[in-house]
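Architecture at a glance
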Amino acid sequence: LVNDVFMTTPIGSIADPWTVESLGKGNVYVESVNSGDIDDRNSLKVDDPFTIDNSVITYDFEPQTKKLTMETKFIVKPKSNNYFIGLSSNGKKAIGITANKNNFYTTNGQEVYTKYLDNFWYYLQIDANVETQTADIYINYRKVAEGVPFENDVQYIDAYHVETGLKQKSTFWIDDIMVYQ
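Here's what I pulled together on the structure shown here. (Residues numbered from 1 in each chain as written. Predicted model: local features only at pLDDT ≥ 70, side-chain atom pairs only at ≥ 80, totals over all residues. Heavy atoms only, no water.)

Digging into the overall build of the chain
Looking only at helices and strands, the chain features zero helices and 15 strands. Rg of the C-alpha trace for the chain: 15 Å, near the compact-globule value of 16 Å for 181 residues, within the 12% margin. Seen through its principal axes, the chain has C-alpha atoms that stretch 40 × 35 × 35 Å. Within the span of the chain, comprising 181 residues, buried residues form 50% of the whole. Within the chain, contacts between residues separated by at least 24 positions form 64% of all contacts whose residues are at least 6 apart in sequence. Accessible surface, the chain as shown: approximately 8600 Å² in total, 46% of it carbon and sulfur. Between the mean site of the 16 positive side-chain charges and the mean site of the 25 negative ones, the chain shows a separation of 8 Å. (Helix = DSSP H or I, 4+ residues; strand = E, 2+ residues; numbered from the N terminus. Rg over C-alpha atoms; globule rule 2.2 N^0.38 Å. Buried < 20%, exposed > 50% of the residue type's maximum accessible area, 1.4 Å probe, protein only. Contact = heavy atoms within 4.5 Å. Areas by Shrake-Rupley, 256 points an atom, 1.4 Å probe, with all protein chains shown as cover. Lys, Arg positive; Asp, Glu negative; His and termini not counted. Charge placed at Lys NZ, Arg CZ, Asp CG, Glu CD.)

Okay, structure coming up:
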């Protein structure tokens with residue numbers, strides 16, 4: 001459904017099928033980042049330096065009504081609040097994680113990781129089940145939450161969804177994105 005590592009996307013741009021709604025005039029583009037992997041330095045930078053509104057970045061795919069898995073890597077510099085990384089249905093958040101300045105939470109408020117570091121790459125995996133409206137969440141390959149209820153009831157999931165914090169300055173990078181059945 002999704003497999004994007006940004007290796008063929010030119011620096012400074014964003015390729016289809018990504019969609020960006022930047023209400024606060026934030027910037028979203030591919031940038032070369034030192035990720036430790038010499039062959040894969042390109043990542044999608046989400047930079048919203050304004051506190052007016054947020055930016056929403058999605059990668060749409062065919063609606064899925066059963067089980068699916070999302071995997072991604074992300075890094076936040078410096079720590080920021082209320083951004084979202086996860087899955088959605090027709091623009092409505094289904095399941096994902098958000099943060100305050102020190103901890104990661106599921107979108108329905110369950111704390112799943114404490115004292116996260118800025119300037120550190122994190123691996124996030126979400127095993128979502130649309131039929132049961134629940135998901136298991138992994139951070140850095142460790143299961144941190146099981147059977148987490150979706151934030152909203154959805155009939156299907158149709159997008160990888162990233163959102164900057166509302167009225168928050170946010171800068172982070174995402175990479176190695178996969179969504180599959």
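Observations concerning the environment of Thr19
Mapped onto the elements of the fold, Thr19 is located in strand E2 (residues 18-22). Separated by 39 residues in the primary sequence, Thr19 and Thr58 have C-alpha atoms spaced 5.2 Å apart. Each residue touching Thr19, except ones within four places of it in the same chain, is listed here: Val56, Ile57, Thr58 and Asp60.

Brief notes about the packing of aromatic side chains
Across all of its chains, the model carries 13 aromatic pairs by this definition. With 5.9 Å between their ring centres and 90° between their planes, Trp18 and Tyr160 make a pair best called edge-to-face. Pair noted here: Trp18 is in strand E2 and Tyr160 is in strand E14 (residues 157-163), with a separation of 142 residues, a long-range link. Taken together, a centroid distance of 5.5 Å and an interplanar angle of 85° make the contact between Tyr113 and Tyr122 edge-to-face. Clustering of aromatic rings is evident, with ring pairs tying together Phe74, Phe104, Tyr113, Tyr116, Phe120 and Tyr122. (Phe/Tyr/Trp six-rings, centres within 6.5 Å; stacked < 30°, edge-to-face > 60°.)

Re the pattern of salt bridges
Counted under the stated rule, the structure contains six salt bridges. With a closest N to O distance of 3.6 Å, Glu131 and Lys66 form a salt bridge. A residue pair is termed long-range when its members are at least 10 positions apart, and Glu131 in the loop between strand E11 (122-129) and strand E12 (134-139) and Lys66 in the loop between strand E5 (55-64) and strand E6 (67-76) qualify at 65 residues. Judged by relative accessible area, Lys66 falls into the exposed class, the value being 52%. Counted as one network, the salt bridges with shared partners bring together Asp136, Lys143 and Glu146. (Salt bridge = Lys/Arg side-chain N within 4 Å of Asp/Glu carboxyl O.)

Overview of the sheet that holds strand E9 (residues 104-106)
Read from one edge of the open sheet, seven strands run E2-E5-E14-E7-E8-E9-E10, paired in antiparallel fashion. The two strands at the open ends of the sheet, each matched to only one other strand, are E2 and strand E10 (111-113). The sheet shows a mean angle of 25° between the axes of neighbouring strands, direction not considered. Two strands pair when backbone bridges link them, and strand E7 (residues 84-89) and strand E8 (residues 92-99) are joined in this way by five bridges, in the antiparallel orientation. Along E8, the bridge assignment pairs Gly86 with Gly96. (Pairing = 2+ DSSP bridges. Axes fitted to C-alpha atoms, helices over the stretch in contact; angles between N-to-C directions.)

Here's the deal with the side chain of Asn129
Mapped onto the secondary structure, Asn129 falls in strand E11. Look at Asn129 and you get buried, because its relative accessible area is 12%. Excluding its chain neighbours within four sequence positions, the residues that come into contact with Asn129 are Lys66, Lys67, Thr134 and Phe150.

Observations concerning the side chain of Asp158
Along the chain, Asp158 turns up in strand E14. One buried charged side chain, Asp158, makes no salt bridge at all; its nearest oppositely charged neighbour is Lys92, positioned 10 Å away. What Asp158 contacts, discounting residues up to four positions off in sequence, is Tyr59, Asp60, Phe61, Pro63, Ser88, Ser89 and Asn90.

The analysis is restricted to geometry; functional conclusions fall outside its scope.
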